[in-house]
Amino acid sequence: DGGITQSPKYLFRKEGQNVTLSCEQNLNHDAMYWYRQDPGQGLRLIYYSQIVNDFQKGDIAEGYSVSREKKESFPLTVTSAQKNPTAFYLCASETLDGQPQHFGDGTRLSIL
Amino acid sequence: GQNIDQPTEMTATEGAIVQINCTYQTSGFNGLFWYQQHAGEAPTFLSYNVLDGLEEKGRFSSFLSRSKGYSYLLLKELQMKDSASYLCAPMSPYNQGGKLIFGQGTELSVKP
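The structure contained in this document is the topic of the report that follows. Residue positions within a chain follow its written sequence, with the count starting from 1. Throughout, the order in which chains and ligands are written sets their labels, letters from A for the former and numbers from 1 for the latter. Where local features are concerned, this predicted model is filtered to residues with pLDDT of at least 70; where side-chain atom pairs are given and counted, the filter is 80 or more; whole-chain, interface and lining totals use all residues. Side-chain numbers come from the whole structure's heavy atoms, not from hydrogens or water.

Looking at the overall build of chain A
So, step 1. Helix and strand labels come from DSSP, where a helix needs a run of H or I of at least four residues and a strand needs a run of E of at least two; each type is numbered from the N terminus. Summing up its helical and strand segments, chain A has zero helices and 11 strands in all.
So, step 2. Counting helices and strands in the order they occur from the N terminus, chain A gives β-β-β-β-β-β-β-β-β-β-β.
So, step 3. Since a compact globule built from 112 residues should have a radius of gyration of about 13 Å, the 13 Å found for chain A is in line with a globular shape.
So, step 4. Counting only C-alpha atoms, chain A reaches 40 × 25 × 25 Å along its principal axes. Two things to know: the radius of gyration comes from C-alpha atoms, and the globule rule equals 2.2 Å times the number of residues to the power 0.38.

Right, here's the structure in full:
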């Protein structure tokens, strides 16, 4: 079945450590997005990419980095510069033709 | 600037009808999406409006007025499983990234 796969489902980070969240899609979608959601809040855009080897900062990119070396993959690294990384992270993709964004099941990141 | 405004919480009775309003101010507009999100899960697509008027899809309908920067989601014959957060998300034009701008969401509680 086609879909978006995020892994791991739960992730723990030690202080000063970088961690990478995986997002893979087999929907042949051009665009991919990373969102952060805090309790009781809406989704905030971290980074997005409309084509391979290109990506743009969203509203809250500080402390995060991404790469888009393949169409199917858009990993997000939460760096030690992100001082409050505890949140629910959602990856999404779309075709850029008016169809809705499809979301992965999310990764919940916590600080040890 | 960009601003999305939805009520934070609503309560309704099983079998009733509820209308969730959303007003938005965005620098560009390319349609508006409504998503449903159950606690701890990824958002799922409900509806999309790009032209003014009403879109109906079973028990769910969505209305858009572009001149007023206003949309609503109408849920009929409410069921207990409709208890969830409902996210209003205008989309920017693709030459501005085709990004979804999410409101904080409306937490709907359906009571017996």
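On we go.
Considering the interface of chain A and chain B
So, step 1. Note on contacts: a residue pair qualifies if any of its non-hydrogen atoms lie within 4.5 Å across the two residues. Each partner contributes residues to the interface: chain A has 23 residues there, and chain B has 20 residues.
So, step 2. Counting the surface lost from both chain A and chain B, the interface buries some 1,500 Å², and carbon and sulfur atoms represent 56% of this.
So, step 3. The largest contributions to the chain A side of the interface with chain B come from Leu43, Pro100 and Phe103 of chain A, which together make up 26% of the buried area.
So, step 4. At the level of secondary structure, the elements contributing two or more residues to the side of chain A that touches chain B comprise strand 4 (31–37), strand 5 (43–51) and strand 9 (87–94) of chain A. Two parts placed together each lose some accessible area under a 1.4 Å probe, and the buried area is that loss summed for both.

Things to note about the environment of phenylalanine 102 of chain B
So, step 1. Along the polypeptide, phenylalanine 102 of chain B turns up in the loop between strand 9 (84–90) and strand 10 (106–111).
So, step 2. Exposed residues in this analysis have more than 50% of their type's maximum accessible area, buried residues have under 20%, and partly exposed residues fall in between, with area computed by a 1.4 Å probe over protein chains only. Judged by its relative accessible area of 10%, phenylalanine 102 of chain B falls in the buried class.
So, step 3. Separated by 15 residues in the primary sequence, phenylalanine 102 of chain B and leucine 87 of chain B have C-alpha atoms spaced 6.6 Å apart.
So, step 4. In this view, phenylalanine 102 of chain B contacts Tyr35, Leu43 and Phe103 of chain A together with Ile4, Tyr35, Leu87, Cys88 and Ala89 of chain B; residues no more than four positions away in its chain are not counted.

So, a nonpolar patch on the surface
So, step 1. Patch building starts from residues that exceed 30% relative accessible area and form no salt bridge, then joins like charges within 9 Å and nonpolar side chains (Val, Leu, Ile, Met, Phe, Trp, Tyr) within 5 Å. Each accessible area is a Shrake-Rupley estimate made with a 1.4 Å probe; only the visible protein chains count as cover when residues are assessed. Whenever a carboxyl oxygen of Asp or Glu lies within 4 Å of a side-chain nitrogen of Lys or Arg, that contact is scored as a salt bridge. Residues Tyr10, Phe12 and Leu112 of chain A make up a contiguous nonpolar surface patch of about 380 Å² in total accessible area.
So, step 2. Looking at the secondary structure, you find phenylalanine 12 of chain A in strand 2 (residues 10–13).

Points about the packing of aromatic side chains
So, step 1. A pair of Phe, Tyr and Trp rings is counted when the ring centres sit within 6.5 Å of each other, with Trp represented by its six-membered ring. The angle between the planes then sorts it: under 30 degrees is stacked, over 60 is edge-to-face, the rest tilted. Under the criterion given, the structure shown has 17 aromatic pairs over all chains.
So, step 2. Plain terms: the ring middles of tyrosine 33 of chain A and tyrosine 48 of chain A are 6.0 Å apart, the flat faces sit at 15° to each other, and that makes the pair stacked. Of this pair, tyrosine 33 of chain A sits in strand 4 while tyrosine 48 of chain A sits in strand 5; the two residues are 15 residues apart in sequence, bridging distant segments of the chain.
So, step 3. In textbook terms, an aromatic cluster arises when at least three aromatic residues are bridged by ring pairs, as seen for Tyr33, Tyr35, Tyr48 and Phe103 of chain A together with Phe33, Tyr35, Phe45, Tyr48 and Phe102 of chain B.

Concerning unusual backbone geometry
Residue and element names in this part refer to chain A.
So, step 1. The omega torsion across serine 7 and proline 8 is -10°, close enough to zero to call that bond cis.
So, step 2. Within the element layout of this structure, proline 8 appears in the loop between strand 1 (4–7) and strand 2.
So, step 3. Located in the positive-phi region is asparagine 28, a residue other than glycine, with phi close to 60°.
So, step 4. When you line up the elements, asparagine 28 lands in the loop between strand 3 (19–25) and strand 4.
So, step 5. With relative accessibility at 55%, the residue asparagine 28 sits in the exposed group.

Focus: the side chain of threonine 106 of chain B
All names here are of chain B.
So, step 1. By the secondary structure assignment, threonine 106 is in strand 10.
So, step 2. Overall, threonine 106 belongs to the buried group, its relative accessible area being 0%.
So, step 3. If we skip the residues at most four places from it in the chain, threonine 106 touches Gln6, Pro7, Thr8, Glu9, Met10, Ile20, Ala84, Ser85 and Tyr86.

Concerning the sheet that holds strand 3 of chain A
All names here are of chain A.
So, step 1. The criterion for strand pairing is that DSSP finds at least two bridges linking the strands in question. Overall, antiparallel pairing links the four strands, which are arranged 1-3-8-7 in an open sheet. The open sheet has two edge strands, strand 1 and strand 7 (64–66), and neither has a second partner. Taking each pair of neighbouring strands and ignoring which way they run, the sheet shows an average axis angle of 20°.
So, step 2. Taken together, the three bridges between strand 7 and strand 8 (residues 76–78) define a ladder with antiparallel strand orientation. Pairing of tyrosine 64 across the sheet is with valine 78, part of strand 8. Only the contacting stretch of a helix is used when fitting its axis, a line to C-alpha atoms as for every element, and angles between N-to-C directions run 0 to 180 degrees.

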